[in-house]
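This is what each chain is made of:
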Amino acid sequence: MTYKSTRGAVSGISFSEAVLRGIAPDGGLFVPEQNVRFDSLELAEMCEMDYKNLAARIIARYATDFTDAEISCCVEKAYGTGSRFDGVDPAPVVHLNGTLSMLELWHGPTAAFKDMALQILPAFMSTALKKRREKERIAILTATSGDTGKAALEGFRDADGIDIIVFYPEHGVSRTQKQQMVTQEGGNVSVAAVRGNFDDAQTGVKRIFADAEFAAALEKSGWRLSSANSINFGRLLPQIIYYFHAYFSLVRADRISMGAKVNFVVPTGNFGDILAAYYAFKSGLPVGRLICAANSNNVVSDFIRTGFYDANREFTVTVSPAMDILISSNLERLIYDMSGEDEKATARRMMELSKQGCYNVDRGTLAAITSVFWSDFATEEETKETIAEIYREYGYLADPHTAVGINVYDKYVISTGDITPTVAVSTASPFKFTGCVAEALAASGIPEFRQTTGIDDEFRLPRLLSSLTGKSVPEPLADLDRRPVLHTGVCGADRMKDWVTEYIENRKDNDHV
Ligand SMILES: *Cc1c(COP(=O)(O)O)cnc(C)c1O
C-alpha cells in the first residue's frame, strides 16, 4: 500500500512517511493509493476476533511497510492487556431498543473518542521513526481548545523517541480540562498556559511550524517538529476498526445476520470519524447509510444537502464544543474520492475554500455523496431535549455530542421511514459534560434532578449526577481534583518559540547525562 496527496503533487509514499509527515507537501491530505477489500470469507473470519486481533488484521492492509511483529506490538500497547481502556472491550456496544445500538468510544484515559486513535498513533510514529536511517527525535506541538491536547498527552506520554508540548489558552478551557492537563504525568511532556485565547495559541503554533530557520536549527540538533492532528492518516486508520467491530458485535448478538446492512450515525466536526466509516464501507463492510449529524454550526449538513460548502457564516459556541467547526478538514478526502479522484478539482476547491470560504461540487459528485450519506443538524434546544428523552425512555445517559447524533437519527427515520438496524456513535462520556447533562435533566421535569440546579462546581457535580443516576464516573475523571498539579508554566503568546527551545535544550542536556 502506498499513499498519495489529494492535490496530486506526490504519490508512492509509504505508510511510515505519511504518518510522520502528517500533511502532504502540497497542502493536500494523504489517501490510500490502492483499494482495500475484505471479502465475505474474510469478514466471517474477522467476526470471531477480539478487538486487538481485528485491529491487527485491518492495520496490516494499510501499514504494509510494518512487519506483523511491529503491528502486534502497536495493537498490544493500545488495545491489549495493560491498555489504558477500562474494560476487556475498548469499544463496547450497548443496545437501546430493537433497532438502535450505541457504540461507546469513551472508555479510554480521557473519556472521549479521540483516545481510540491517540492511544495507537504514537506507536505508529515510534515504529516509523525506527525505520529511518538517520537518527531523529520528534517533538509533537499542539495547541488545544481542551480535549485533543489531553488525549494527545495521554497517548504520547513515555512514547519512544517522541516528546509532546501542549499549549492551551490560559482562560479558554474549562476547569476540568485545565485540571486534566496540569496534572499530566510522563517524562516527555510539557504543558504551558498561553496568555491569550485559543486563536492566539493556535496562531503561535502555526507560526512555529512555518519558521524554516527554526526548523533548520532544530534539525541540526537532531529534532523535528510534527503534529498529531486529525488529518494525519495514522489517526484515521484506527477509527476504521471500530466500525467493523460494531458490525460484528451486532452479528454476534444475533441482531443482524452476516452480510445484512447497518446504518451508522456519527456526530461530526472535522469529518474524521465519519470518513473512517466511509472507508470501512468502501473496504467491504455492509453499510446502508452514513448519517452525518451536525450541531448548529451546520456547514457540513448544508453541504451534503446542497453541494455548496459555505463557511461564511456566524460561528456559534454550543453545548457540543468538539463539533463547533466551520472548516471540516477531512471532507477534502471525501470530495477527492467522490469526484472520481479528481486531484485538480480538489486542489481548486480547497483554494476557493481558503480564499473565499466556500466552494461548489458538481452534480455527479453530489449524487455520489448522497448515495451513501444523509445529513441534518440539531439545535441547542433539541440536543438538551434529546438528553432528557433518552434518559427517560432507556435510562441511557448521553453526552451532548452523542445526543446531537440521536436527534438527527430521529429526523432521519421520520424523513425516510428507514428502520435498518443502526449504530449511533457515542463520542464522549456524559461525565465530561455534566453541566449541560444535569441542566437538561433538571429542565425536563425529572424531579430528583432539580437539586443539581445552581451547582457549578465542576468536580462536585459529577459525583452528584452519579449518585442520582447510578452510573459511575469514569476513573480518569473521578479523582481529578485530588491529583497533584505538575505543570504551572505560563507563557506569552509571543514567547511560545522560546518555550519550545528551552524544553528541547533541557531534554538534550538530560540525554547527555
Ligand atoms: C472530536 C469530537 C467529535 C467530532 O469528530 P470529528 O472526527 O472531528 O468529526 C465529536 N464528539 C466528540 C466528543 C469529539 O471529541
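Refer to the structure presented above.
Attention here is on the structure that accompanies the text. The structure displayed is predicted, hence computed values, not measured ones.

**Overview of the sheet that holds strand 7 (residues 189-195)**
The 5 strands are arranged 8-5-6-7-15 in an open sheet whose pairing can be described as parallel. Lying at the two open borders of the sheet, with one neighbouring strand each, are strand 8 (223-226) and strand 15 (490-492). On average, adjacent strands in this sheet sit at an angle of 30° to one another, irrespective of strand direction. For strand 5 (residues 137-143) and strand 8, the ladder comprises 4 bridges, and the chain directions are parallel. Bridge assignment links isoleucine 140 to a residue of strand 8, and that residue is serine 226. Together, strand 5, strand 6 (162-169) and strand 7 form the strand contacts of helix 7 (residues 147-156), whose direction differs from that of strand 6 by roughly 160°.

**With respect to the site of the ligand**
Of all residues adjacent to the ligand, which total 14 residues, the nearest are Lys114, Gly269, Asn270, Asp273 and Thr427. Note that an oxygen atom of the ligand is positioned 3.2 Å from one of the backbone N or O atoms of glycine 272. The side chain of threonine 427 places a nitrogen or oxygen atom 2.9 Å from a nitrogen atom of the ligand. Relative to its unbound accessible surface of 380 Å², the ligand loses 96% to contact with the protein. Classifying every residue of the shell around the ligand gives 6 nonpolar, 6 polar and 2 charged.

**So, the side chain of serine 283**
With respect to the helices, strands and loops of the structure, serine 283 is situated in the loop between helix 12 (272-282) and strand 10 (287-294). For serine 283, a relative accessible area of 1% puts it in the buried group. Setting aside chain neighbours within four positions, we find serine 283 in contact with Val36, Arg37, Phe38, Tyr62 and Phe244.

Criteria and cut-off values
Residues numbered from 1 in each chain as written. Predicted model: local features only at pLDDT ≥ 70, side-chain atom pairs only at ≥ 80, totals over all residues. Heavy atoms only, no water. Pairing = 2+ DSSP bridges. Helix = DSSP H or I, 4+ residues; strand = E, 2+ residues; numbered from the N terminus. Axes fitted to C-alpha atoms, helices over the stretch in contact; angles between N-to-C directions. Contact = heavy atoms within 4.5 Å. Near = heavy atom within 4 Å. Polar contact = N/O pair within 3.5 Å; in protein donor to acceptor, adjacent residues only side chain to side chain. Areas by Shrake-Rupley, 256 points an atom, 1.4 Å probe, with all protein chains shown as cover. Nonpolar A, V, L, I, M, F, W, Y, C, P; charged D, E, K, R; others polar. Buried < 20%, exposed > 50% of the residue type's maximum accessible area, 1.4 Å probe, protein only.

Taken by themselves, the reported measurements are silent on function.
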